Amino acid sequence: MDNVSLETLQVLSLSRLKGVGPASLKKAAALKSADLMKIEVTSALIPAVGKATDERGAWNAALDSASKQVDDAAKLGVRILSPRDCDYPSLLAATRDDPALLYVKGSLSGRAGRAVAIIGTREPTEHGAIVAERMATFFSEAGWTVVSGLAIGCDAIAHQAAVDAAGHTIAVLAHGLHMVAPARHRKLAQDILDAGGALVSEFPVGQNAMPQQFVKRDRTQAGLAEGVVMIQSDLKGGSLHASRASIDYGRWLAVPYPTQRDIRNAEPKIQANLMLSDGSASQKIELLRCRGADTTRIISVRGREDYPNFLSFGPNDLGREPRQSSLL
């Protein structure tokens, strides 16, 4: 089983037990190696595992199920990682939501070892599409990994720009890696792999997309990055999940400022950007569901000349505001 380590295989096997959820898996993944590898010890230390293994034959069935999952993943060229593995992404491991299992096809590593999530609405304005391409190109040429969700609109634009710039990009999917959704992005997904990037999911091979999985996907996008660029969003857009997660994780959130034309047209897809740039502190807190102090990590990007400021950010240099400048 070249696509999974022995300790990760044990975590995977535990995940196949009925009633063993994410919290129990995280506890298991944090155990000493000797304790993790002995089901009797794990059962004694983690109540959900103990309850599940009380059922006759449950552990053997879990082992068989895990072995099949490993085989199915191997046929697709998919590796299975857990926090026990040295190549599990360190930025993701630093969050409270790091998945106990991560399925990876392709390479997670970029040139500079730094990453930004570029996300946004499925229906950007003309200006939004231009900015998504510009920012993804800028970060790619600087050697950063561009993380997004392979969705229609801003996500696809960001991935394509990264590929076109010979950059590294990671697509985080809300389903198993046996499929690509939306189907229209199958070629883009292959282009990402061919360019040395990766497809990533916390969902097992064979699991199709379900509505509740998209929020988890969005938080994983934020977890894989030093910060999030929310190209455009309305006040209830799905992009806010990743944006809130970035703030929640103590990272930065950048919001490109809309053009005067989009403002005059009252475009719905710029309303979150306007509020996060020009709104009151209470409005920002309500929209991001965060604390007042967290709003210092919201960055209003006013022009292309602001982009280089991001390159000087260290992993913990999160409260810095780029200078004000002309519109994009």
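Refer to the structure presented above.
What you are looking at is a predicted structure, and each value in this text was computed from that prediction instead of being measured.

Calculation criteria
Residues numbered from 1 in each chain as written. Predicted model: local features only at pLDDT ≥ 70, side-chain atom pairs only at ≥ 80, totals over all residues. Heavy atoms only, no water. Axes fitted to C-alpha atoms, helices over the stretch in contact; angles between N-to-C directions. Helix = DSSP H or I, 4+ residues; strand = E, 2+ residues; numbered from the N terminus. Parallel < 35°, antiparallel > 145°, perpendicular 65-115°, else oblique. Left-handed = near helix turned anticlockwise from the far one by under 90°. Contact = heavy atoms within 4.5 Å. Nonpolar A, V, L, I, M, F, W, Y, C, P; charged D, E, K, R; others polar. 1 Å grid on protein atoms, 1.4 Å probe; cavity = no way out; pocket = protein on both sides within 12 Å on 5 of 7 lines; lining within 4 Å. Points joined across faces, edges and corners; volume = space filled by probe spheres on them. Buried < 20%, exposed > 50% of the residue type's maximum accessible area, 1.4 Å probe, protein only. Pairing = 2+ DSSP bridges. Right-handed = clockwise from strand over helix to strand, strands pointing away.

Caption draft 1: Representation of the packing of helix 11 (residues 211-223) against helix 12 (residues 239-248). Two numbers describe how helix 11 lies on helix 12: the axes approach to 8 Å, and their chain directions differ by 45°. It follows that helix 11 is oblique to helix 12 by the angle criterion. As helix 11 runs across helix 12, the sense of the crossing is right-handed. Here V215, D218, R219 and A222 of helix 11 come into contact with helix 12, specifically with H241, A242, A245, S246 and D248. Of the residues assigned to the contact of helix 11 with helix 12, the class counts are four nonpolar, two polar and three charged.

Caption draft 2: The environment of N208, seen in detail. In this structure, N208 sits in the loop between strand 6 (198-201) and helix 11. For N208, the residues in contact, after removing those within four places along its chain, are A174, H175, H178, M179 and Q213.

Caption draft 3: Here's a closer look at empty space enclosed by the protein. Summed over the entire model, instances satisfying the criterion amount to one cavity of 30 Å³ or more. Taken together, H127, G128, V131, I231, Q232, P256, Y257, P258, I270 and N273 form the lining of the largest cavity.

Caption draft 4: Highlighting the pairing of strand 6. A two-sided burial pattern is seen for strand 6, the buried positions comprising A198 and V200 on one face and L199 and S201 on the other. Note: strand 2 (residues 102-106) against strand 6, four bridges, orientation antiparallel. Looking at the pairing, K105 lines up with L199 of strand 6. In terms of handedness, the path from strand 5 (residues 168-172) via helix 10 (residues 186-194) over to strand 6 forms a crossover that is right-handed.

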